[in-house]
Amino acid sequence: MTRGALFGALLLALSFATAARAEYPERPIRMIVPFPPGGVVDVVARIVADRLTADLGQQVIVDNKAGAGSVIGTDITAKAPADGYTILLTTPGHTINAAFRAALPYDAEKDLAPVSIVGQVPMLLVSHPSLPFRDFKGFVDYARANPGKLNVGHAGNGTLPHILMELLMVKEHMQVTNVPYRGAGPALADLVAGQVQAKLDSYATSAQFIADHKLNALAVTSAKRLKQLPDVPTVAETGVPDYAGYLWMGIVVPAATPPSIVDKLGAATRRAVQKPETLARFDKDGVEPVANTQAEFRALIGREIAQWRELARQTDIKVE
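What this report covers is the structure whose coordinates are included nearby. (Residues numbered from 1 in each chain as written. Predicted model: local features only at pLDDT ≥ 70, side-chain atom pairs only at ≥ 80, totals over all residues. Heavy atoms only, no water.)

Looking only at helices and strands, the protein chain features 11 helices and 11 strands. Expressed along its principal axes, the backbone C-alpha trace of the protein chain runs to roughly 95 × 40 × 30 Å. Taking all 320 residues of the protein chain together, 50% fall into the buried category. Looking at the protein chain alone, contacts between residues at least 24 apart form 78% of all its contacts between residues at least 6 apart. As displayed, the protein chain offers around 14,700 Å² of accessible surface, 56% of which is attributable to carbon and sulfur atoms. Seen as two clouds, the 32 positive and the 31 negative side-chain charges of the protein chain have centres 3 Å apart. (Helix = DSSP H or I, 4+ residues; strand = E, 2+ residues; numbered from the N terminus. Buried < 20%, exposed > 50% of the residue type's maximum accessible area, 1.4 Å probe, protein only. Contact = heavy atoms within 4.5 Å. Areas by Shrake-Rupley, 256 points an atom, 1.4 Å probe, with all protein chains shown as cover. Lys, Arg positive; Asp, Glu negative; His and termini not counted. Charge placed at Lys NZ, Arg CZ, Asp CG, Glu CD.)

What follows deals with the packing of aromatic side chains. Within this structure, the stated rule accounts for five aromatic pairs. Here the aromatic rings of Tyr-24 and Tyr-85 are separated by 5.2 Å at their centres, their planes lie at 65°, and the arrangement is edge-to-face. In this pair, Tyr-24 sits in the loop between helix H1 (3-21) and strand S1 (29-33) while Tyr-85 sits in the loop between helix H3 (71-78) and strand S3 (86-90), placing the two residues 61 residues apart along the sequence. Judged by centre distance (6.0 Å) and plane angle (75°), the ring pair of Phe-133 and Phe-139 falls under edge-to-face. For the pair Phe-133 and Phe-139, a shared accessibility class is recorded, and that class is buried. (Phe/Tyr/Trp six-rings, centres within 6.5 Å; stacked < 30°, edge-to-face > 60°.)

What follows deals with the side chain of Glu-304. Secondary-structure assignment places Glu-304 in helix H11 (residues 294-314). Of the side chains bearing the opposite charge, Arg-303 lies closest to the buried Glu-304, which forms no salt bridge; the N-O distance is 7.2 Å. Reaching out from Glu-304, the side chain makes a polar contact with the side chain of Thr-95 at a distance of 2.7 Å. In terms of polar contacts, Glu-304 uses its side chain to reach the side chain of Trp-248, at 3.0 Å. The contact partners of Glu-304, leaving out residues within four places of it in the chain, are Pro-92, Thr-95 and Trp-248. (Salt bridge = Lys/Arg side-chain N within 4 Å of Asp/Glu carboxyl O. Polar contact = N/O pair within 3.5 Å; in protein donor to acceptor, adjacent residues only side chain to side chain.)

Another aspect to go through is the pairing of strand S10 (residues 246-254). For S10, a buried count of nine out of nine residues is recorded, marking the element as mostly surrounded by other parts of the structure. Sheet analysis places strand S4 (residues 112-122) next to S10, joined by nine bridges and oriented antiparallel. Opposite Gly-119, over in S10, you have Met-249 as the bridge partner. (Pairing = 2+ DSSP bridges.)

By volume, the largest pocket is sized at about 1,200 Å³. In terms of lining residues, the largest pocket is bounded by 47 residues, among which Phe-35, Ala-155, Thr-159, Gly-183 and Ala-184 are the most central. For the lining of the largest pocket, the elements supplying multiple residues, two or more each, are helix H2 (40-56), helix H4 (93-100), helix H6 (160-172), helix H7 (184-192), strand S8 (198-201) and helix H8 (203-211). (1 Å grid on protein atoms, 1.4 Å probe; cavity = no way out; pocket = protein on both sides within 12 Å on 5 of 7 lines; lining within 4 Å. Points joined across faces, edges and corners; volume = space filled by probe spheres on them.)

Of all hydrophobic cores here, the largest spans 68 residues; its most connected members are Met-31, Phe-139 and Trp-308. At eight residues, H2 tops the list of elements feeding residues into this core. In contact with Met-31, other than residues within four places in its own chain, are Ala-45, Val-48, Ala-49, Leu-52, Val-60, Ile-61, Val-62, Asp-63, Ile-87, Leu-89 and Ile-251. Counting residues in each nonpolar core, the second largest holds 15 residues, with Val-71, Leu-88, Val-252 and Ile-305 among its members. (Core = buried A, V, L, I, M, F, W, Y, C linked by side-chain atoms within 4.5 Å.)

This paragraph deals with the packing of H2 against helix H9 (residues 259-274). The N-to-C vectors of H2 and H9 enclose an angle of 120°; their axes lie 9 Å apart at closest approach. Judged by the angle between their axes, H2 and H9 are oblique. The element H2 and its partner H9 pack so that their crossing is right-handed. From H2, Arg-51, Leu-52, Asp-55 and Leu-56 reach across to H9, where they touch Lys-264, Leu-265, Ala-268, Thr-269, Arg-271 and Ala-272. (Axes fitted to C-alpha atoms, helices over the stretch in contact; angles between N-to-C directions. Parallel < 35°, antiparallel > 145°, perpendicular 65-115°, else oblique. Left-handed = near helix turned anticlockwise from the far one by under 90°.)

To continue, consider the side chain of Gln-197. As for its placement among the helices and strands, Gln-197 is situated in the loop between H7 and S8. Ignoring any residue separated from it by four or fewer positions in sequence, one finds Gln-197 in contact with Val-126, Ser-127, His-128, Leu-131, Lys-149, Leu-150, Asn-151 and Leu-191.

A few words on helix H5 (residues 136-145). Along H5, the residues classified as buried are Phe-136, Gly-138, Phe-139, Val-140, Tyr-142 and Ala-143. On its buried side, H5 packs onto strand S5 (124-127), H6, S8 and strand S9 (216-220).

Here Leu-160 lies in helix H6. For Leu-160, a relative accessible area of 7% puts it in the buried group. Residues in contact with Leu-160, not counting those within four places in the same chain, are Pro-92, Ile-96, Met-123, Tyr-246, Leu-247 and Trp-308.

Pairing of side chains with opposite charge becomes possible as their charged atoms draw close. Counted under the stated rule, the structure contains 13 salt bridges. Taking the shortest distance from any N to any O, the salt bridge between Glu-23 and Lys-264 comes out at 3.5 Å. Taken together, the residues span a long stretch of sequence, with Glu-23 in the loop between H1 and S1 and Lys-264 in helix H9 at a distance of 241 residues.

So this is what it looks like as structure tokens:
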């Protein structure tokens, strides 16, 4: 073998060795959660991060970057190197912000690429038992007869429960007063105390109050009834067609992330969600597993942004 041929063979071998060493992932991955620790999104993030760590062979570290209705954490991700080592577990705040905020430091559709939704939590409309109704029809009838008299608590302007209640008002031609709180916990506490009269909540946080008859469950925003509350109808069943809303939790990455890395992350995420231990934990926390494809996730983002932009056009909602 000539010296040139030997040198070429060595270069080829070196390139293969380098490619093998550089196979993604070769170092820890940061999963940004744009909310404080302790909530359902953070809990799901940590469950999925543990499963991804085992699957990918590298530590997936949850990094809470809360603030500005998830804008801070999302912006960090959008501006991170597109190498698969910074990922974001986001929620419908991603699409709500794109529709209702006057300006964002990133483009929700162009600067971030979807990977997969890991799970979703339907909203449950609950009310204080002192009110003169026990079902969803009674809630709507009362709100129509008493415009603005019902105070509905939520976790803050621009959160999913706030926007879903605004959508319900448009569809049902009724008026309630949305009362923003600094988080879902304080809003739920005031509902139980009777300071507000209703709230869109999750089953996980309201279940015990329902069991103790401190709250009434009126309807769920899912496509089908909750197995934990089989007697509680969906909003769509009660005569509000095409109404559904989920607190979904999905992984996105910087838009320029190589397709091979997105595909590997997506496959690992779907395996992580489908593991028996993940399904058992999700079931305990009232989280429905999803594990969809990148194309399905992208289509949902597009549909939601269009829906929220239409709602923004119909209402005077301000999200700052």
